[in-house]
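# Per-entry structural report
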2 protein chains.
Amino acid sequence: MYTTPDLVERGGANAYLRGCASRSALDLLANKWVCLVVGALSPGPMRFGALRRRLDGITQKMLTRTLRDLERAGVVERTVYPTTPPQVEYALTPLGESLCGLMDSILGWAEEHMEEVEAARARYDERVSLPVDPLPRDAPARR
Amino acid sequence: MYTTPDLVERGGANAYLRGCASRSALDLLANKWVCLVVGALSPGPMRFGALRRRLDGITQKMLTRTLRDLERAGVVERTVYPTTPPQVEYALTPLGESLCGLMDSILGWAEEHMEEVEAARARYDERVSLPVDPLPRDAPARR
DNA sequence: CGGCATCCTTATGGATACTG
DNA sequence: CAGTATCCATAAGGATGCCG
C-alpha cells in the first residue's frame, strides 16, 4: 500500500474538492496534447511547423489552441520574428520547465508499464467475452 | 533549459509517434477522473459510495465508467462482497500503486505552481483586452 | 448500495477554405 | 508560415429512472 506522510497530509479532509489546486491543475494538465506539447518543447524552443511535424497527428487547430492555452497559463512563451514568411517560436517558460520532470516521469512510466496494461486489457476482454463461468463458492467473488 | 540524457534518448527521433507507449499512456492517464480516482485510492481500498463522496462532483456514470476502464487496464481491482445491500470495494493493484508517485507529483506541482498559473492567466487576459499598445520597435515582438 | 439504460446537451476535435 | 474562420461529426458527460 502506498502512503507517505505528505500524501496523508494533502490527500486528507478536502483534497479533490471542486475548486482546489489539484482540480485546476488537472483541468490544465490532464490533457493529451498539453502533455505532448510540453514534452516536445522540453529539449528547447521550437517553431510552429516543427512542433506540428513532431507531434504526429495533431491538427493545426488543436496545436494552435493548445499553445494558446499554455501561453495564457504562463507555461510557454510565444515569440514572433517579423520576417517574411513569419516565424513563430515557442519555448517553455521557467514555469513550463518545472513540468518537465513530471512529463518525463509519465514517459518513463509508459515505457515501463504500458505492456502490462495492454496485457491486462487483453485478459479482461477475454474474461468478459466468456460464458458465465461458475466460480468456486467461497470468499469474495472477483470479476 | 531542461535536458537529461534520458530525455534526449527517449524524446529523440520518434517519441510521440501515433502508436507509441507515450501516446497510449496519455490516452489512459491524461484524464481528470482517472487521476483523481487513482489519487483517492492511494491511501487504501474504498467502496463505491465513499469514492463518490470523496470525488466531489463526479456523477455515478462517470465514476462507474472510470472504474471500469481502470479495472480493464489492470490499475484497480474490483471486489464484490455479496451481502445485502451489496458492497463493492475498489483497490489499487500493484500496477496501480506504481502510479501513486506520479499522482503525488502532480498534486505537489499543483500546490506549488497553480497560483502562478492563475496569475499568468490574469495578466494574459489583461493584456489581450487592452487596446493596441504600440510596442517599442526593436527586436522580437512578444505578445 | 451499486449499478445499467436512456435521453439529451455540450464540448471536443477533424476537415476545409481563406489570409497577412 | 502561421495562423483564423466555418462547418460538421462524434464523443464526453449530465439528468433521470429503474433494477437486483
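Residues numbered from 1 in each chain as written. Chains lettered and ligands numbered in written order. Predicted model: local features only at pLDDT ≥ 70, side-chain atom pairs only at ≥ 80, totals over all residues. Heavy atoms only, no water.

What follows deals with the protein's contact with DNA strand C. Not every one of the 17 residues close to DNA strand C is listed here, only the nearest: Lys61(A), Gly49(B), Gln60(B), Arg78(B) and Tyr90(B). Each atom of DNA strand C within 4 Å of the protein was classed as base or backbone; sugar and phosphate made up 58%. One of the side-chain N or O atoms of Gln60(B) is found 2.8 Å from a base nitrogen in DNA strand C. Contact distances for DNA strand C include 2.5 Å between a phosphate oxygen and a side-chain N or O atom of Arg78(B). Per-element tally for the surface near DNA strand C: the top contributor is helix H5 (residues 60-72) of chain B, with 4 residues. Residues of the surface near DNA strand C, tallied by class, amount to 7 nonpolar, 4 polar and 6 charged. (Near = heavy atom within 4 Å. Polar contact = N/O pair within 3.5 Å; in protein donor to acceptor, adjacent residues only side chain to side chain. Helix = DSSP H or I, 4+ residues; strand = E, 2+ residues; numbered from the N terminus. Nonpolar A, V, L, I, M, F, W, Y, C, P; charged D, E, K, R; others polar.)

Here the focus is the UniProt feature "domain: HTH hxlR-type" (unreviewed entry) in chain A. Following the UniProt record, one finds the feature "domain: HTH hxlR-type" (unreviewed entry) at residues 20-118 of chain A. From the first C-alpha to the last, residues 20-118 of chain A spans 33 Å; its make-up is 63% helix and 14% strand. (UniProt positions renumbered as here; feature names shortened; annotations may be inferred.)

Taken together, 17 residues lie near DNA strand D, and Gly49(A), Gln60(A), Arg78(A), Tyr90(A) and Lys61(B) sit nearest. Considering DNA strand D, the proportion of its atoms within 4 Å of the protein that are sugar or phosphate atoms stands at 57%. Note that a phosphate oxygen of DNA strand D is positioned 2.6 Å from one of the side-chain N or O atoms of Tyr90(A). Secondary-structure elements contributing two or more residues to the surface near DNA strand D are helix H4 (48-54), helix H5 (60-72) and strand E3 (87-92) of chain A together with H5 of chain B. The greatest single-element share of the surface near DNA strand D, amounting to 4 residues, is contributed by H5(A). When the residues that make up the surface near DNA strand D are grouped by side-chain class, the tally is 7 nonpolar, 4 polar and 6 charged.

To continue, consider unusual backbone geometry. With an omega of 0°, the peptide bond between Thr84(A) and Pro85(A) qualifies as cis. Its location among the elements puts Pro85(A) in the loop between strand E2 (76-81) and E3.

Turning next to the pattern of salt bridges. Inspection of every chain in the model, using the stated rule, returns 6 salt bridges over all chains. Measuring nitrogen to oxygen at the nearest pair gives 3.7 Å for the salt bridge that ties Asp27(A) to Lys32(B). In this pair, Asp27(A) is assigned in helix H2 (residues 21-29) and Lys32(B) in helix H3 (residues 32-41), connecting two distinct chains. Taking the relative accessible area as the measure of exposure, Asp27(A) reaches 53% and is therefore exposed. We note a salt bridge from Arg121(B) to Glu118(B), for which the minimum N-O separation is 3.7 Å. Of the two residues, Arg121(B) and Glu118(B) both sit in helix H7 (residues 100-129), 3 residues apart, roughly one turn of that helix. (Salt bridge = Lys/Arg side-chain N within 4 Å of Asp/Glu carboxyl O. Buried < 20%, exposed > 50% of the residue type's maximum accessible area, 1.4 Å probe, protein only.)

Bringing the packing of aromatic side chains into the picture now. Tallying each qualifying case throughout the model produces 0 aromatic pairs over all chains. Above the face of the Trp33(A) ring, Lys32(A) is positioned so that its terminal group lies 4.8 Å from the ring centre. (Phe/Tyr/Trp six-rings, centres within 6.5 Å; stacked < 30°, edge-to-face > 60°. Lys NZ or Arg CZ within 6 Å of the ring centre and 35° of its normal.)

Turning our eyes to something else, we now look at H3(B). All names here are of chain B. Counting buried residues along H3, 9 of its 10 residues qualify, which places the element largely inside the surrounding structure. Regarding H3, the residues found buried are Trp 33, Val 34, Cys 35, Leu 36, Val 37, Val 38, Gly 39, Ala 40 and Leu 41. Two to three positions downstream of the cap, the backbone nitrogen of Trp 33 sits 2.9 Å from a side-chain oxygen, assigning the N-cap of H3 to Asn 31.

The next point concerns the pairing of E2(A). Examined bridge by bridge, E2(A) and E3(A) share 6 bridges and lie antiparallel to one another. By the bridge assignment for E3(A), Tyr81(A) is matched with Gln87(A). (Pairing = 2+ DSSP bridges.)

Right, let's get into the confidence of the model for chain A. Summarising the model, chain A shows a mean pLDDT of 83, and 77% of its residues fall at 70 or more. Low pLDDT (under 50) marks residues 1-14 of chain A, which in the prediction has 26 contacts with non-local residues, meaning those over four places away or in another chain. (pLDDT = per-residue confidence, 0-100. Contact = heavy atoms within 4.5 Å.)

Running from amino to carboxyl end, helix H3 (residues 32-41) of chain A crosses helix H2 (residues 21-29) of chain B at an angle of 140°, the nearest separation of the two axes being 9 Å. Taken together, the axes of H3(A) and H2(B) lie oblique to each other. Between H3(A) and H2(B) the crossing geometry is right-handed. Across the interface between the two elements, Lys32(A), Trp33(A), Cys35(A) and Leu36(A) of H3(A) pack against Arg23(B), Leu26(B) and Asp27(B) of H2(B). Its residues assigned to classes, the contact of H3(A) with H2(B) shows 4 nonpolar, no polar and 3 charged. (Axes fitted to C-alpha atoms, helices over the stretch in contact; angles between N-to-C directions. Parallel < 35°, antiparallel > 145°, perpendicular 65-115°, else oblique. Left-handed = near helix turned anticlockwise from the far one by under 90°.)

Our next topic: H2(B). For H2(B), a buried count of 7 out of 9 residues is recorded, marking the element as mostly surrounded by other parts of the structure. Buried within H2(B) are the following residues: Ser22(B), Arg23(B), Ser24(B), Ala25(B), Leu26(B), Leu28(B) and Leu29(B). Where H2(B) is buried, its residues touch H3 and helix H7 (100-129) of chain A together with H3, H5 and H7 of chain B.

The next subject is the pairing of E3(A). All names here are of chain A. Taken together, the 2 bridges between strand E1 (residues 46-47) and E3 define a ladder with antiparallel strand orientation. Directly across from Arg 47, in E3, lies its bridge partner Glu 89. A loop of 5 residues connects E2 with E3, the two strands running antiparallel in sequence.

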